[in-house]
Amino acid sequence: MPELRPILLVEDSPRDLELTLAALEKCQLANEIVIARDGAEAIDYLFGTGTYEGRPDGDPTVVLLDLKLPKVDGLEVLERVKRNERLRQIPIVMLTSSREEQDLVKSYELGVNAFVVKPVEFNEFFKAIQDLGVFWALLNEPPPGSLRNGRA
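Residues numbered from 1 in each chain as written. Predicted model: local features only at pLDDT ≥ 70, side-chain atom pairs only at ≥ 80, totals over all residues. Heavy atoms only, no water.

(A) Looking closely at the pairing of strand β4 (residues 92-96). The buried count for β4 comes to five of five residues, which makes it a mostly enclosed element. Burial along β4 is two-sided: the residues I92, M94 and T96 and V93 and L95 are all buried. Where strand β3 (residues 62-65) lies against β4, three bridges are found, and the strand directions are parallel. Residue V63 lies in a different strand from β4, and its bridge partner there is I92. Handedness of the crossover joining β3 and β4 through helix α3 (residues 74-83): right-handed. In terms of strand pairing, β4 meets strand β5 (residues 114-117) through four bridges, oriented parallel. When the sheet's bridge partners are listed, L95 is paired in β5 with V116. Following the backbone out of β4, through helix α4 (residues 101-109) and into the adjacent parallel β5, one traces a crossover that is right-handed. (Buried < 20%, exposed > 50% of the residue type's maximum accessible area, 1.4 Å probe, protein only. Helix = DSSP H or I, 4+ residues; strand = E, 2+ residues; numbered from the N terminus. Pairing = 2+ DSSP bridges. Right-handed = clockwise from strand over helix to strand, strands pointing away.)

If you want it as structure tokens, here you go:
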């Protein structure tokens, strides 16, 4: 049985963070949810630097990434991850309230795996997060060799 890997949730809005965590909890996923509240913290986690230096080895099963973040925005996080040989296979879902076409286009140009606009209505938001959690943590089959336990 493959090792259960965490889900990295990168979200700066306390309200959206709370709703996302509640929705993921309702899915009864066994994956640990690691929270980063800005882009710099997400980069530190993914690259094992800063406060995450020496963290347990292994990449997240998916990154749920907000677009508009303090310190380092979601597009820059996406670009840095997809440029990195070791990390580029990690699925990244842009989870944002932005409906700007340029954000959508740029995200896909940089290699995002999915772009989801956060529904405004509570029940729709809750359902969207549940569907994302189940798909990426349980249903998606990662590429061969992507279940790294060590850093390259």
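Moving on from the coordinates now.
(B) Examining helix α1 (residues 14-26) more closely. Given a rise of 1.5 Å per residue, 13 residues ought to cover 18 Å, and the 18 Å separating the end C-alpha atoms of α1 matches this to within 8%. By the burial criterion, the buried members of α1 are D16, L17, L19, T20, A23 and L24. Viewed end-on, α1 has its buried residues packed into an arc of 170°, placing them on one side of the element. Seen from the buried face of α1, the exposed residues on the opposite side, beyond 90 degrees, are P14, E18, E25 and K26. Positive backbone phi, approximately 60°, marks Q28, located one or two places after α1. (Expected span 1.5 Å × (residues − 1). Arc of directions from axis to C-beta.)

(C) Expanded view of the pairing of β3. Residues of β3 alternate between two faces, with V62 and L64 on one and V63 and L65 on the opposite face, all of them buried. Relative to β3, strand β1 (residues 7-10) runs parallel, the two sharing four bridges. Paired with L8 across the strands is V63, a residue of β3.

(D) Representation of the nonpolar core within the structure. L8, V10, L46, V63, L65, V77 and M94 are the most contacted members of the largest nonpolar core, which has 25 residues in total. At the level of secondary structure, the elements contributing two or more residues to this core comprise β1, β2 (33-36), α2 (39-47), β3, α3 and β4. For L8, the contacting residues outside a window of four places in its chain are V34, A36, A42, Y45, L46, P60, V62, V63 and L64. Core analysis: the next-biggest nonpolar cluster, separate from the first, contains 18 residues, L19, C27, A114 and L132 among them. (Core = buried A, V, L, I, M, F, W, Y, C linked by side-chain atoms within 4.5 Å. Contact = heavy atoms within 4.5 Å.)

Remember, this is a structural readout, not a statement about activity or role.
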